[in-house]
Structure formats: structure tokens, C-alpha cells
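Letter by letter, the chains look like this.
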Amino acid sequence: MKIFIDTANIEEIRKTAELGILDGVTTNPSLIAKEGRDLKQVISEICSIVDGPISAEVISLDAEDMVKEAKELSKLHKNVVIKIPICEEGLKAVNILSKEGIKTNVTLIFSAQQALLAAKSGASFVSPFIGRVDDIGNGGLEIVRDISDIFNIYGLETQIIAASIRNPMHVLECAKVGCDVVTVPYKVIMQMIKHPLTDIGIKKFLQDYKKSNKRI
């Protein structure tokens, strides 16, 4: 399973890339706005750090303008993937872009039906938001499992990016159901590294070593 980071913060991306675990990056308009920087500048800088798919989202609401935005963003780097929301106009845009060889990530997926339509329209990736589905009392991981089963049955090559990851258990469960990618906030990646028994073990090893050295 590939691990992407879901952020537009360059420092978080650099730190995670240094760990050797990072396969790609996803951004969205909210994350870009949080950084207070120009979208194209941020995406270009990310592409200089991470050699993998970098999702940049369009903000237009009609297919024609989505395609125009997508073509401009795709010129930034060969790794740029165009993020498009699931809707009628979005599917039209994905259909056009896929025929022109521009990769797309259909986002704001909340059902397996939406994911199936996105895959049929030519999406390179689909992004089910499992945390937000959990928030309304439904099973986000069940949607990922359903999408995975459907794609496997029909041999669809579209990859699943589990998004809206809230905790390390989400990552574990996505791995267990065969998800292609998880896109994870920096905070959760750091939580995945930590375990209280590891901290206790490191402390004990150092204490034992210091005691041993004192006896020499």
C-alpha cells in the first residue's frame, strides 16, 4: 500500500520525505488556503521534493473550465494529478482529460456507486472520504472494501486513495482491505511511528547501557 501525505505544508512534506516512506502528496483548496500561498507555487515546490503523484484540485464548477484549469496545472510537472469533485460536470471533465492522457483523482467520494462511475469515466484515482462517512454514523471502511471488491471483480485499473484519515487504525484497516493508497495527515503519520512500549524499551536500553558503562 502506498502512503501519501495530505497537506500543502512544505515543511511537513520535507520531514516526511526524509523518512523514506512517502509515495505522493494530496492537496485541496482548503489546505492551500491554510498556507496562504499561490497554488501553482506550492505544487511546483512539492514536485521538487516528492517523486510521485501530486494531486492539485480545480476550483471551477463546469466541465469546460475544469478542463482549462487541469491543462494549466498539468503543465507544472509530469507528476501532477488533477483532483476533480464527483459531480456531473466533474465526470464530463474526467472523461475529456482521460482521453488526453491527463491523470485525474476524483474526490469527495462517499459511496461505492460514485467510485464506480468515476472509474468508468476514466479516473486514475478515486478518493473515498472514510472519516467523514464515519462522522455521520456510517462505515467509511465498508465503502473502501466495497469499492475494492467491485474494482477487482471487473478489472478496473483505477486506484483507491483512502482519504479523510483520522487515526492510525484507519490506516491499518485500509491496508487490511487491500486499499491501493492512503493519504494521511502529518499528525497521523507521526502517531503511526510512536508506541508507548517502544518508548519504554528505548529508555530501558539506554539505562542498562549507562549502568554497564559505569561498571567498566
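Residue positions are given per chain, counted from 1 along the sequence in the order it is written. Totals for whole chains, interfaces and linings use every residue, but because this is a predicted model, local features are given only for residues with pLDDT of at least 70 and side-chain atom pairs only at 80 or more, for both listing and counting. Processing note: side-chain calculations cover all non-hydrogen atoms of the structure and skip hydrogens and water entirely.

### Things to note about the pattern of salt bridges
Within this document, salt bridges are pairs made up of a side-chain nitrogen of Lys or Arg and a carboxyl oxygen of Asp or Glu, the two lying within 4 Å of each other. Overall, the coordinates contain 11 salt bridges when judged by the stated rule. With its nearest N and O atoms 3.0 Å apart, the salt bridge here joins Asp135 to Arg166. With Asp135 in helix α7 (residues 130–135) and Arg166 in the loop between β7 (159–162) and α9 (168–176), this residue pair connects regions lying 31 residues apart in the sequence. For each residue, the accessible area found with a 1.4 Å probe, counting protein chains only, is set against the maximum for its type, and the residue is called buried under 20%, exposed over 50%, and partly exposed in between. Classification of Asp135 as exposed rests on a relative accessible area of 53%. Owing to a relative accessible area of 39%, Arg166 belongs among the partly exposed residues under this scheme. The numbering of helices and of strands both runs from the N terminus, where a helix is a DSSP run of H or I of at least 4 residues and a strand a run of E of at least 2.

### Notes on the pairing of strand β3 (residues 54–57)
Of the two faces of β3, the one lined by Ile54 and Ala56 and the one lined by Ser55 and Glu57 are each fully buried. Judged from the 2 bridges that link them, strand β2 (residues 24–26) and β3 form a sheet pairing that is parallel. Along β3, the bridge assignment pairs Thr26 with Ser55. With the strands aimed away from the viewer, a crossover counts as right-handed if its path from the first strand over the helix to the second runs clockwise. Note that the unit made of β3, helix α4 (residues 63–74) and strand β4 (residues 80–85) has a crossover that is right-handed. Pairing between strands is defined by DSSP: at least two bridges between them are needed.

In short, geometric facts, not functional conclusions.
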